[in-house]
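The primary structure of each chain is shown beneath.
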Amino acid sequence: MLVAQPREGVGVGVELTGIEPVTSCLQSRRSSQLSYSPVTVRIPVRPAATAPRRALGVASLRRRWQDQTMESRALKTNSMDDFDLRMSEESRPFFDAVVEFLETVVDPMQAEFFQAGEGRADRWSYTERQLELLEGAKDQAKAKGLWNFFLPDTGQGLSNLDYAYLAVELGKYPLGSESLNCSAPDTGNMEVLERVGTPEQKQQWLEPLLNGEIRSCFGMTEPGVASSDAKNVRCQAVRDGDEYVINGEKYYISGAGDPRCKIMILMCQTSPDGPPHRRQSQILVPMDAPGLEILGPMHVFGQDDAPHGHMHLRLTDVRVPAGNMLWGEGRGFEISQLRLGPGRIHHCMRGIGAAEKALDLMCRRGLTREAFGKPLARLGGNTEIIARARTEIEAMRMMVLRAAKAMDTLGNTEARVWISAVKAMVPERVCNIIDQAIQMHGATGVSQWTPLAGMYQSQRTLRLADGPDEVHWMVVGRSELASYEGLEVPASPTSAATGLGGSGS
Ligand SMILES: Cc1cc2nc3c(=O)[nH]c(=O)nc-3n(C[C@H](O)[C@H](O)[C@H](O)COP(=O)(O)OP(=O)(O)OC[C@H]3O[C@@H](n4cnc5c(N)ncnc54)[C@H](O)[C@@H]3O)c2cc1C
């Protein structure tokens, strides 16, 4: 979940002296002549900002605005280097190997996998044949070294930028991520354990996760409180000797229905009276802990998504060893920053893969089916719909790659505005593209004969999961406005201020 943290380096008051007319004047509306009167507007500094005022000329002011790029958590471009978004040379052979594996092993396997699960007696389990197929693909991936590459240290040492290219490919196959042990929420959980886990925690939970022997879930959202603000979390963990006693209720806990899910990272309150951002902790709760009940699956558009599931859980006097606390009490928000950065943009990258798939299906259908004497793709506004989908996919790709690069160069916390920007932008647009692909398919678009309905459902939920769109737009908007705080700037652009002439220019 999002963490509102005080920003540094913003809200610095600036005194404009020696202002050049070009930026300091407003055009008078009372006269037909151009007359300039110095009018400046001071944008209030937020109370937290106490930095001394400095005198800046126009050139340095412009530089200052330009400087507020990746380095200061804003969403701006400063240097052409920001646009160097190429995959590294070392990663290219690896990328090719993953693509080949997805095409030759995962794609044929997943069709049989889903067929083998149809009509099984217990919906909350896998059939033997399903596990055989999946484990077979995982063994092959491991043997080829195409395994755990989401982890910078334990995996292939890929940068976020290199990983972005791979995640787009993974997004094209429902079982792509799991076959290569790169699926959520395990990736986020493994990354947390790797970074902040004790040696004991790593041995007990990280190792089997890295080996693909177990799965995991992350429990934060609660039915009783608005959980997009993680400060609201009410589930309590109280220290009692060498243990914590946990009571609370969680829902929409993805993956908790999977019989292979053995461990949950739980967000809970440990210091209800502490400072708001130190009240929460994250703690490891085994799924078989006495007192932990799975009340049932929450539905997503009427589907229970078995056996993965988005489960409703109740914890009643659940006791776990004190050693299960991650990184110490009160550090829940800090851990969230670590886990959600990569997780969020991995979703976005896979979303772009899904949009590519939808566009591909839309084009094929549109060119091979006719109505009113023409292929569907050439009727009405359909060619433009296809053009817009392609354009948006490329725009999203650039944004996601830039967010990945920001994470590589700045770290997850500093890059959070970029992460929020893509998290807000991508699922919404991918949903639109899938929706249009559904429309081009007519009734078949919502049927079981294409993957489109499932893809739409999954992308639509991403507009809520890991923070609803609005919260991410809020982060981006606040950052944009923060760069104006304390500045004295022209209240509105004028022809003089913009350097543009009047008519005819
Ligand atoms: C399929 C699926 C899987 C999920 N998996 C998990 C999981 O594994 N683990 C887990 O812990 N949770 C999971 N979630 C829950 C998800 O993270 C939450 O739904 C999300 O954080 C929002 O919390 P909420 O539902 O309590 O909405 P609320 O906090 O009640 O917000 C409701 C709405 O209020 C509006 N809103 C909120 N804040 C703002 C703002 N700042 N500005 C403007 N409007 C705002 C938004 O429109 C928002 O959608 C999952 C959800 C779904 C649908």
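Residues numbered from 1 in each chain as written. Predicted model: local features only at pLDDT ≥ 70, side-chain atom pairs only at ≥ 80, totals over all residues.

Where do I start with helix α3 (residues 92-117) in this structure?
Taking 1.5 Å of rise per residue, the 26 residues of α3 would be expected to cover 38 Å, and the 35 Å separating its terminal C-alpha atoms lies within 8% of that figure. V106 marks where α3 bends most, by close to 35 degrees; the proline P108 follows one to four residues later. All of the buried residues along α3 are V98, F101, L102, V106, Q110 and F113. Next to the buried residues of α3 lie α4 (128-143), α5 (160-170) and α6 (176-179). Positive phi shows up at G119, right after α3, with a value of about 70 degrees. (Helix = DSSP H or I, 4+ residues; strand = E, 2+ residues; numbered from the N terminus. Expected span 1.5 Å × (residues − 1). Bend = angle between axes of the 7 residues up to and from the residue. Buried ≥ 20, exposed ≤ 12 C-beta atoms within 10 Å, placed from the backbone. Contact = placed C-beta atoms within 7 Å.)

Is there a simple way to explain the nonpolar core in this structure?
General note: in soluble globular proteins, nonpolar side chains tend to be found buried as a group. Within the largest apolar cluster, 113 residues are counted, with the highest numbers of intra-cluster contacts made by A358, V400, A403, V422 and I434. Sort the elements by how many residues they give to this core and helix α11 (residues 416-440) lands first, with 15 residues. (Core = buried A, V, L, I, M, F, W, Y, C linked by C-beta atoms within 7 Å.)

I would appreciate a short explanation of helix α13 (residues 469-482) in the present structure.
For an α-helix, 3.6 residues make a turn, and residues three or four places apart therefore share a direction. Here α13 is 14 residues long and its end C-alpha atoms lie 20 Å apart, about the 20 Å a rise of 1.5 Å per residue gives. Within the span of α13, buried status applies to H472, V475, V476, S479 and A482. End-on, the buried residues of α13 take up no more than an arc of 130 degrees, which puts them together on one face. Away from the buried face of α13 by more than 90 degrees, exposed residues E470 and L481 are located. Its buried side turned inward, α13 meets α11. (Arc of directions from axis to C-beta.)

In this structure, what is going on with the site of the ligand? I would like to understand it.
Lining the immediate surroundings of the ligand are 23 residues, of which M220, A226, S228, P468 and E470 lie closest. Elements represented by at least two residues in the shell around the ligand include exactly β6 (215-219), β8 (243-254) and α13. Taken together, the residues of the shell around the ligand break down into 13 nonpolar, 8 polar and 2 charged. When residues of the shell around the ligand are sorted by domain, at least three fall in each of domain 3 (215-326) and domain 4 (341-482). (Near = placed C-beta within 6 Å. Nonpolar A, V, L, I, M, F, W, Y, C, P; charged D, E, K, R; others polar. Domains from an automatic or database assignment.)

Where do I start with the pairing of strand β12 (residues 310-321) in this structure?
Looking down a regular strand, the side chains alternate between one sheet face and the other. The pairing of β8 with β12 spans 9 bridges and is classified as antiparallel. Residue pairing for β12: I246 is matched across the bridge by V318. Pairing geometry for strand β11 (residues 292-297) and β12, over 5 bridges, is antiparallel. Paired with P297 across the strands is M311, a residue of β12. (Pairing = 2+ DSSP bridges.)

So what exactly am I meant to see when it comes to unusual backbone geometry here?
Most of the time, phi is negative for any residue but glycine, and the peptide bond is trans. For the bond from A184 to P185, the omega torsion is 0 degrees, close enough to zero to count as cis. When you line up the elements, P185 lands in the loop between α6 and α7 (186-196). The step from A306 to P307 runs through a cis peptide bond, and the omega angle for that step is 0 degrees. Even without being a glycine, N181 presents a positive backbone phi close to 55 degrees. For N181, the location among the structural elements is in the loop between α6 and α7. The phi dihedral of F301 is positive, around 50 degrees, even though this residue is not glycine. One can find F301 in the loop between β11 and β12.

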